[in-house]
Amino acid sequence: MALGGLLDVALNSAGEQPLVIGREAEIVAEGGYQGSDVGPAVLDSSLFGAGGISRLRVQGTGQTLFNQDLSLSEFGSVDVSSSQIVVASDISIPGGTVNLGTDDNLGKVEKPDALIRVARDARIDVSGNWTNDSRLLNGEFPTAPVLVDGGEISLSAAGALVVEEGSLLDVSSGAHLD
């Protein structure tokens, strides 16, 4: 299966510009993080998914906030490296990859608060799909991609890694009926 488009975002300004993936919102600094005087860059989550961008790579020195559900196509990927990452909504990529990492050396000043937080009720879902290719139901040759294997999630924080109660990290497999 062909991979969709890649959006490569580099926010390496001296002002530590935050990035919001979803809808514009006030950035709330966490864990003593000083935040930024620069307004956030905003990527609307509707840019992604079926027929759109299926891979996102972010390199930034400020906070990255996911505040609106993000759904990417099968086998897509999200790769974010920022000073602080907050997942406050769902990220869904069937069979895909999510790599979130903080590094206290991204900015000019070391940041011991380089945390990753997956908020209550937020989901990171890279599970496989259930595919029923039974000719009794479909009649035609199957057209849906068979996506049995779950994907990969990697969370690597230079500071705290907080996965709140009620959140979900799902890498479960799917199934295929032929």
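Every residue gets a number counted from 1 within its own chain, in the order that chain's sequence is written. With the structure being a predicted model, the display of local features is reserved for residues of pLDDT at least 70 and the display and counting of side-chain atom pairs for 80 or more, all residues being used for whole-chain, interface and lining totals. Side-chain metrics in this entry use all non-hydrogen atoms of the structure; hydrogen atoms and water are not considered.

### A look at the sheet that holds strand β3 (residues 41-43)
The strand order across the open sheet built from six strands is β3-β2-β5-β8-β11-β15, with neighbouring strands paired in parallel fashion. Among the strands making up the open sheet, the edge pair consists of β3 and β15 (161-163). Neighbour-to-neighbour, the strand axes of the sheet open up by a mean angle of 10°, direction not taken into account. We call two strands paired when DSSP finds no fewer than two bridges between them. A run of H or I in DSSP becomes a helix once it reaches four residues, and a run of E becomes a strand once it reaches two; helices and strands are each numbered from the N terminus. Axis definition: a line fitted to C-alpha atoms, over the contacting stretch in the case of helices. Angles run 0 to 180 degrees between N-to-C directions.

### Here we look at unusual backbone geometry
For F75, which is not glycine, the phi dihedral falls at a positive 65°. Mapped onto the elements, F75 comes out in the loop between β6 (70-71) and β7 (77-82). One non-glycine residue with positive phi stands out, namely D121, at about 70°. Positionally, D121 belongs in the loop between β11 (116-118) and β12 (123-125).

### Topic: the side chain of D170
Tracing the backbone shows D170 in strand β16 (residues 168-170). Among buried Asp, Glu, Lys and Arg side chains, D170 stands out as unpaired, with R123 the closest opposite charge at 5.6 Å. Within the structure, D170 has its side chain in polar contact with the side chain of S172 (distance 2.7 Å). For the exposure calls, accessible area comes from a 1.4 Å probe over protein chains only, and a residue counts as buried if that area is under 20% of its type's maximum, exposed if over 50%, partly exposed in between. Positive: Lys, Arg. Negative: Asp, Glu. His and the chain ends are not part of the count. Whenever Lys or Arg places a side-chain nitrogen within 4 Å of a carboxyl oxygen from Asp or Glu, that contact is recorded as a salt bridge. Under the rule applied, a polar contact is a pair of N or O atoms within 3.5 Å (in protein, one hydrogen donor and one hydrogen acceptor; residues adjacent in sequence only if both atoms are side-chain atoms).

### Re the sheet that holds β16
What the four strands build is an open sheet, ordered β6-β9-β12-β16; its pairing is parallel. Each edge of the sheet is formed by a strand with only one pairing partner; in this case those strands are β6 and β16. In this sheet, β12 lies alongside strand β9 (residues 91-92) in parallel orientation, the contact comprising two bridges. Bridging from a neighbouring strand, I91 pairs with I124 of β12.

### Focus: the confidence of the model for the protein chain
Confidence in the prediction of the protein chain, expressed as mean pLDDT, is 81, and 77% of residues score 70 or more. Averaged over each element, pLDDT in the protein chain is lowest for helix α1 (residues 135-138) (66) and highest for β12 (97). What pLDDT conveys is the predictor's confidence in a given residue, as a value from 0 to 100.

### Thoughts on the nonpolar core
What makes a nonpolar core is a set of buried Ala, Val, Leu, Ile, Met, Phe, Trp, Tyr and Cys residues whose side-chain atoms join them at distances within 4.5 Å. Counting 24 residues, the largest nonpolar core has F66, V78, V87, I91 and L100 as its most contacted members. Mapped by element, the contributors of at least two residues to this core are β1 (5-11), β2 (19-21), β4 (53-60), β7, β8 (84-87), β10 (97-102) and β11. In what follows, a contact means two residues having at least one pair of non-hydrogen atoms within 4.5 Å. In this view, V87 contacts F66, L100, R117, V118, A119, A122 and I124; residues no more than four positions away in its chain are not counted.

### Brief notes about the pattern of salt bridges
Scanning the entire structure with this criterion turns up four salt bridges. Measuring nitrogen to oxygen at the nearest pair gives 3.0 Å for the salt bridge that ties D8 to R57. One end of the pair, D8, is in strand β1; the other, R57, is in strand β4, with 49 residues separating them in the sequence. Between D125 and R123 there is a salt bridge whose closest N-O contact spans 3.2 Å. Judged by its relative accessible area of 12%, D125 is buried.

### Focus: the environment of D113
In this structure, D113 sits in the loop between β10 and β11. Since its relative accessible area comes to 11%, D113 is described here as buried.

### Some details on a nonpolar patch on the surface
On the surface, L161, V163 and L169 cluster together into a nonpolar patch covering about 230 Å² of accessible area. The residue L161 is located in strand β15 in this model. Residue L161 is classed as partly exposed on the basis of its relative accessible area of 44%. Here, patches come from residues exposed beyond 30% relative accessible area and free of salt bridges, joined within 9 Å for like charges and within 5 Å for nonpolar side chains (Val, Leu, Ile, Met, Phe, Trp, Tyr). Here the Shrake-Rupley method, with its probe set to 1.4 Å, supplies the accessible areas, and only the displayed protein chains count as covering residues.

### Observations concerning the pairing of β10
As judged from the six bridges shared by β7 and β10, these two strands associate in the parallel manner. In the strand pairing of β10, D79 is matched with N99. The sheet contact formed by β10 and strand β14 (residues 152-156) spans five bridges and is parallel. When the bridges of β14 are listed, T97 appears paired with E152.

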